[in-house]
Amino acid sequence: MILNLDKVRQYFPALAGEWTFFDNAGGSQTLKKVVDRISEFLLTSDVQLGASYAISQLAGERLALATRGMATFINAKSPREVVMGPSTTMMLKVLSMCLSQTFAPGDEIIVTNCDHEANIGAWVALEEQGMKIKVWQICPDTLELHLEDLEPLMSQRTKLVALTHASNILGTINPIKKIAAFVHERGAMICVDGVAYAPHRLVDVQDLDVDFYALSFYKVYGPHHALLYGKEEHLLKMPGLNHYFITQTDIPYKFQLGNVNFELSYGMLGLCDYLSELAQIHYGNQTTTDLRSQMVQVFDLISMHEEKIGDRLLDYLNDKSNVRVLGQLKANHTRVPTISFVVDGIDSSTIPIKIDPHYIGIRYGDFYAKRLIEYLGLASQNGIVRVSMVHYNTLEEVDRLIEAFEQVL
């Protein structure tokens with residue numbers, strides 16, 4: 001079975017326009033169903049929660065329903081483990097501020113040199129509180145993180161290892177389940193940035209056995225909103241940042257200063273609606289009635305389609321003698337179709353502007369993974385050119401991009 005692209009694209013109104021969107025790792029297009037849910041909340045239940053009157057009760061029920069939906073999306077044990085907020089960067093900053101209060105001066109935190117800065121800077125800032133920061137560097141030959149390089153960094157004082165699930169530059173999927181087991185065996189916790197992974201593969205925090213996991217909804221077909229997962233025992237132990245009268249056990253509220261955005265949270269039920277309907281469209285009578293199982297079915301189709309479109313572009317770029325692709329050269333189960341490259345002797349900033357007249361959106365830069373770009377020696381070249389695809393992109397769109405590249409590369 002293959003993904004029905006005609007059906008898929010009908011759910012995204014922006015795709016009916018003249019532009020082809022290949023900057024999806026910067027932000028995907030928004031589902032109409034998400035917009036509908038946001039509008040529904042604002043037009044029929046836009047009141048504060050917690051009052052006795054019916055509309056307030058409805059608003060509370062809708063927010064609870066949305067939180068349960070997102071708990072299903074990441075397979076959390078409980079909605080109490082789901083903290084929604086404005087951005088992954090903000091949620092990881094809140095986490096670092098709260099979690100660090102359970103650490104002592106001299107405790108150690110390990111970050112990588114290949115993450116988005118959101119999951120590095122929040123932890124590096126704790127040096128001012130006496131924490132010791134160590135850096136797990138990617139192997140310069142494979143451009144991958146190896147456990148044998150993590151081993152000597154860990155000690156009895158190691159409290160946390162922070163890394164990305166999938167690189168927003170390299171597209172590489174890190175073996176988080178294996179890394180989590182390794183870290184836990186040594187008595188530490190693990191915090192994973194899933195922003196570049198969640199649009200492409202279905203997140204399962206229980207199977208991964210991660211302690212913390214963050215993702216951005218605007219990369220997963222929704223609005224500018226985000227999610228932080230934390231195991232309930234950790235969230236309960238940490239002090240919050242909310243008002244003094246918000247109790248220690250009041251999760252997730254104690255981490256949501258000024259409360260969560262109600263309408264954007266409720267809007268993410270539109271993603272659940274979409275995935276459920278796609279499962280029914282593709283599997284018919286074989287569709288399970290369980291939402292999580294429907295999500296599994298759809299993401300299986302999504303990953304297969306993304307391998308096809310990823311390989312189409314990778315095959316082309318790999319054949320260009322003056323082009324160097326960063327990361328794995330084939331699309332597979334350990335790579336997402338976020339494809340970055342550099343061209344010999346050409347400043348990366350000069351390429352996207354030549355693609356713009358073809359109504360195709362791509363991008364160049366460091367994409368807030370500045371430490372990685374500097375490590376690779378690519379800062380003077382203005383970073384890399386990035387083509388980031390998702391499941392609503394088509395082979396025909398990739399071929400159009402290749403035709404445009406033929407005039408530029």
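Basis of the calculations
- Residues numbered from 1 in each chain as written.
- Predicted model: local features only at pLDDT ≥ 70, side-chain atom pairs only at ≥ 80, totals over all residues.
- Heavy atoms only, no water.
- Pairing = 2+ DSSP bridges.
- Helix = DSSP H or I, 4+ residues; strand = E, 2+ residues; numbered from the N terminus.
- Axes fitted to C-alpha atoms, helices over the stretch in contact; angles between N-to-C directions.
- Contact = heavy atoms within 4.5 Å.
- Parallel < 35°, antiparallel > 145°, perpendicular 65-115°, else oblique.
- Left-handed = near helix turned anticlockwise from the far one by under 90°.
- Phe/Tyr/Trp six-rings, centres within 6.5 Å; stacked < 30°, edge-to-face > 60°.
- Buried < 20%, exposed > 50% of the residue type's maximum accessible area, 1.4 Å probe, protein only.
- Lys NZ or Arg CZ within 6 Å of the ring centre and 35° of its normal.

Trainee: Can you help me understand the sheet that holds strand β3 (residues 108-112) in this one?
Mentor: Strands belonging to one sheet form pairs held by backbone hydrogen bonds; the direction of such a pair is parallel or antiparallel. Strand order in the open sheet made by the seven strands is β2-β8-β7-β6-β5-β3-β4, with mixed pairing throughout. Each having just a single partner strand, β2 (82-85) and β4 (132-136) make up the two edges of the open sheet. Taking the axes of each pair of neighbouring strands and ignoring which way they run, one obtains an average angle of 20° across the sheet. Strand direction decides the pairing type here: β3 and strand β5 (residues 158-164), joined by three bridges, are parallel. Its bridge partner being in β5, I110 is matched across the sheet by V161. With respect to the sheet, helix α3 (residues 54-74) is in contact with β2, β7 (212-216) and β8 (226-230), its orientation differing from that of β2 by roughly 110°. Against the sheet, helix α7 (residues 176-185) touches β4, β5 and β6 (189-193), its axis set at about 155° to β6.

Trainee: What should I look at first to understand the packing of helix α2 (residues 32-44) against α3 in this one?
Mentor: When two helices pack together, their arrangement is given by the angle between the helix axes and by the axis-to-axis distance. One way to put it is that α2 packs onto α3 with a least axis distance of 10 Å and a crossing angle of 160°. Here α2 lies roughly antiparallel to α3, going by the angle between them. Crossing of α2 over α3 shows left-handed handedness. Residues E40, F41 and T44 of α2 pack against I55, L58, A59 and R62 of α3.

Trainee: Before we go on, may I ask you to explain the packing of aromatic side chains in this structure?
Mentor: Describing an aromatic ring pair means giving the distance of the ring centres and the angle of the ring planes. Under the counting rule described, the total for this entry stands at 11 aromatic pairs. Between W19 and Y359, the aromatic rings sit 5.2 Å apart at their centres with planes inclined by 70°, giving edge-to-face as the arrangement. A residue pair is termed long-range when its members are at least 10 positions apart, and W19 in the loop between α1 (5-10) and β1 (20-21) and Y359 in the loop between α13 (352-355) and β11 (360-361) qualify at 340 residues. Take W19: its relative accessible area is 33%, and that puts it in the partly exposed class. Relative accessible area serves as the criterion here: at 37%, Y359 is assigned to the partly exposed category. Here F41 and Y266 contribute two aromatic rings whose centre-to-centre distance is 5.9 Å and whose plane-to-plane angle is 50°, an arrangement assigned as tilted. Taken as a pair, F41 in helix α2 and Y266 in helix α10 (residues 262-267) lie far apart in primary sequence, 225 residues in all. Here F41 matches Y266 in class, with each residue buried. Linked through ring pairs, Y11, F12, Y221, Y274 and Y392 together constitute an aromatic cluster. Over the aromatic face of F182 sits the side chain of R186, whose NZ or CZ is 3.6 Å from the ring centroid. One cation-aromatic arrangement involves R386 over F367; the distance from NZ or CZ to the ring centre is 3.7 Å.

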